[in-house]
Every structure is written in structure tokens, then in C-alpha cells.
Amino acid sequence: MRVYYDRDADLNLIKAKKVAIIGYGSQGHAHANNLRDSGVKDVVVGLRPGSDSARKASAANFKVMSAVDAAKWADVVMILTPDEGHAQLYTADLKDNMRQGTALAVAHGLSIHFNLIEPRPDLDVFMVAPKGPGHLVRSEYVRGAGVPSLIAIHGDKSGNCRDIALSYACGLGAGRAAVLETNFREECETDLFGEQTVLCGGLSALILTAYETLVEAGYAPEMAYFECLHEVKLIVDLIYEGGLAEMRYSVSNTAEYGDYSRGPRVIDDSVRARMKQILAEIQSGQFAREWVLECQAGQPSFKAQRRRAAEHPIVKVGEDLRAMMPWIGQNRLVDRSRN
């Protein structure tokens, strides 16, 4: 895998472009502000006129255009709206309005890899995918650091699409950390798999199942919350800083032995088999088709699942604990011994 840094990029490439950021949510806010602070003078935000996001972007002194007008104006159009709306956005607003030779960019490969968008052949098509949420992309940039990002090329009509993508990534601050080159398939499928089996689906299910097991056995919900949810961050911080080896070095011998002896009983061969099935569903496009159909139907199942999740007892326990102890949920533990 090729890794790039600021020294490998020509920031002047993106600084010379007119960049339209379509969307001003978590990632859109970070991209627009970081690029502007990196010296990209011509940055506009494409939004629905009168929306809350349009007011936020205007308050941050960005020029706001409709997506249609932004597409007509820009040299680089970065789509940072939710994946499920990409196809309609591209077909209705972008496809017939982007000038020949414009670059179309995304921050996640789903809509292009699974052909929700079929880009015009005269366009450069690239991806810059920060490996972190937008608020972190922004805060790390502000403090002089950066969030690692992936770049990938889908179409290189101009012959220098990779250089433009690398320049864009470094404009976000990613070159301060690392810019890794991949392809749309690898980014998309590994990202979906990680979200579903570890980062969101797997971790959430593990926390909830462990919490319910303790509460059903008669232990206090607050104790179960601290043990199965709150302490996850402390362990993940150790893993983030030095990998599994650092975590195992830092915890007690008792905890380390429990890791080796009980962990494989929780994540056993049956779980591995289900992970392989989930990966196969992602690779075949089954998950993408399922999500598209869900959205076309108005997201009834998704919204019902969201409501059920919000009603789980662990949510109320967390709210009560944070009201009692406001330091819960902060990035750093608070030394309250002198209070």
C-alpha cells in the first residue's frame, strides 16, 4: 500500500480549483473549513436554499449555491450528503450541469462502487475518505494535526486525477498524518464490513448483550453500564495508542487472562461464520440493494429500529448517570479529588 504525506503533494493544485462541497453536515463542514484554511480561496457549499445547513454555512461566511448552480460553477464537486441520496442528487442536479473535465469526488465508495451513480466518462472521479468523523477531521486540523485519509481513483480523464486527489486530501490535513492509496472496492467493502461487524453493529450488540446479561442476573443497571459501556473507551484508547499488545500490557493479569481464555468463547467459530456471511452480502451488493430499497420505501424498518434503540433501558441509565456526573462522556477523565 502506498502512503503519502504533505511533502508528496502539490497543494497548489487544489488551491487553483473552484471547489463545490455538496452538503454541510459533519464531513461537509470539515472539508469546507479545512480547505479554506489551507488556502483554497474558491470554496462554495451546495445546499437547498433556506435549509438549516444553508444558514449554518452562510454564518461561517461560505457562499451558498443550489447544487445545480454549484455544479455549473465548480472544477471539483465533492458529494458529502448521505449515501442513500447520491443517485437522485447526481441524476437530478449534477450529471447534466457539471462542465466537461470537471472532477466528481466522494468520501465513501458505496454509490459509485455499487453503480448507484454511473459517472459521465468525461469526468475525473476520485475519493478522499477521512478515517474519522467530520468533527474530528476539523478539530485535528485546527490543532495542527490531521486524520489519516484514503484516496482512490475511479476515472482519470485528465491524466492527473491522482495528484488532484492527493492535493485535496492534504488540504484536509490528512498529509500531516498519512494518505493511503486504495481502490473504491476495497474502501467500500472493508468500510461496510467494519461498520457492521465491529465499529457499530458488532460493538453495540456486544455492549447491549453484556449489559442485559448483568441486569437480568440482578446486578444494578448503573454497575452494568459502567462495566459494559463506560469502560469501553478506556480500553479502546489503550488499543488505539499501542495496539492489542499495549492494552494487554496495561491491564491487570486477571483481565489479560480473561481476554485469552474467555474472548474466544464470545467470538467463536459461529460468529466467524456469520461475519463471513455478512462480508459475502456486502461483496455481492445485497446489502447495498437492501439499503436502497429501504430508502425507496421511506425507511420504515430503519426508523422503527431507531425508535426501538432509543427506548432501550441503557439509554435512560446513561442519561441519568450523565446528569449526576457530568464528566461521564467527556474525552478525558476528570480528577475530582480536589472538588
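Residues numbered from 1 in each chain as written. Predicted model: local features only at pLDDT ≥ 70, side-chain atom pairs only at ≥ 80, totals over all residues. Heavy atoms only, no water.

### Thoughts on the packing of helix 2 (residues 26–37) against helix 7 (residues 134–142)
(1) Moving on: Two elements in contact, helix 2 and helix 7, have axes separated by 7 Å at closest approach and are oriented at 20°. Considering the angle they form, helix 2 stands roughly parallel to helix 7. You can see that helix 2 and helix 7 cross each other, and the crossing is left-handed. Note on element contacts: helix 7 touches helix 2 through Gly134, His135, Val137, Arg138 and Tyr141, opposite Ser26, Gln27, His29, Ala30, Asn33, Asn34 and Asp37.
(2) Moving on: A breakdown of the residues in the contact of helix 2 with helix 7 according to their chemical character gives three nonpolar, seven polar and two charged. (Axes fitted to C-alpha atoms, helices over the stretch in contact; angles between N-to-C directions. Helix = DSSP H or I, 4+ residues; strand = E, 2+ residues; numbered from the N terminus. Parallel < 35°, antiparallel > 145°, perpendicular 65-115°, else oblique. Left-handed = near helix turned anticlockwise from the far one by under 90°. Contact = heavy atoms within 4.5 Å. Nonpolar A, V, L, I, M, F, W, Y, C, P; charged D, E, K, R; others polar.)

### Concerning the confidence of the model for the protein
(1) Moving on: Here the protein averages 94 in pLDDT, and 97% of its residues register 70 or above.
(2) Moving on: Counting contacts from residues 333–339, a segment whose pLDDT is below 50, to residues more than four positions away or on other chains yields five contacts. (pLDDT = per-residue confidence, 0-100.)

### Here we look at the packing of aromatic side chains
(1) Moving on: Scanning all chains against the criterion turns up four aromatic pairs.
(2) Moving on: On the basis of an interplanar angle of 65° and a centroid distance of 6.1 Å, the ring pair of Phe126 and Tyr168 is categorised as edge-to-face. One end of the pair, Phe126, is in strand 7 (residues 124–130); the other, Tyr168, is in helix 8 (residues 161–171), and 42 residues separate them in sequence. When sorted by exposure, Phe126 lands in the same class as Tyr168, which is buried.
(3) Moving on: Above the ring of Phe62, the side-chain terminus of Arg36 is found at 3.8 Å from the ring centroid. (Phe/Tyr/Trp six-rings, centres within 6.5 Å; stacked < 30°, edge-to-face > 60°. Buried < 20%, exposed > 50% of the residue type's maximum accessible area, 1.4 Å probe, protein only. Lys NZ or Arg CZ within 6 Å of the ring centre and 35° of its normal.)

### With respect to the pairing of strand 3 (residues 43–46)
(1) Moving on: Both faces of strand 3 are covered, namely the face carrying Val43 and Val45 and the face carrying Val44 and Gly46.
(2) Moving on: Pairing of strand 2 (residues 19–22) with strand 3 involves four bridges; the strand directions are parallel. Residue Val19 lies in a different strand from strand 3, and its bridge partner there is Val43.
(3) Moving on: With respect to chirality, the unit in which strand 2 leads through helix 2 into the neighbouring parallel strand 3 is right-handed.
(4) Moving on: When strand 3 meets strand 4 (residues 63–65), the two strands line up parallel, connected through three bridges. Its bridge partner being in strand 4, Val45 is matched across the sheet by Val64.
(5) Moving on: Assessed by its sense of winding, the connection that carries the chain from strand 3 through helix 3 (residues 52–59) to strand 4 is right-handed. (Pairing = 2+ DSSP bridges. Right-handed = clockwise from strand over helix to strand, strands pointing away.)

### A look at the pattern of salt bridges
(1) Moving on: Taken as a whole, this structure holds 12 salt bridges when the rule is applied.
(2) Moving on: Across the salt bridge formed by Glu189 and Arg185, the nearest N and O atoms sit 3.5 Å from each other. Of the two residues, Glu189 and Arg185 are both situated in helix 9 (residues 184–199); the distance of four residues between them amounts to about one turn of the helix.
(3) Moving on: Between Asp259 and Arg248 there is a salt bridge, and its shortest N-O distance comes to 2.6 Å. Placement of Asp259 in helix 12 (residues 253–266) and of Arg248 in helix 11 (residues 221–250) is noted, with a sequence separation of 11 residues between them. (Salt bridge = Lys/Arg side-chain N within 4 Å of Asp/Glu carboxyl O.)

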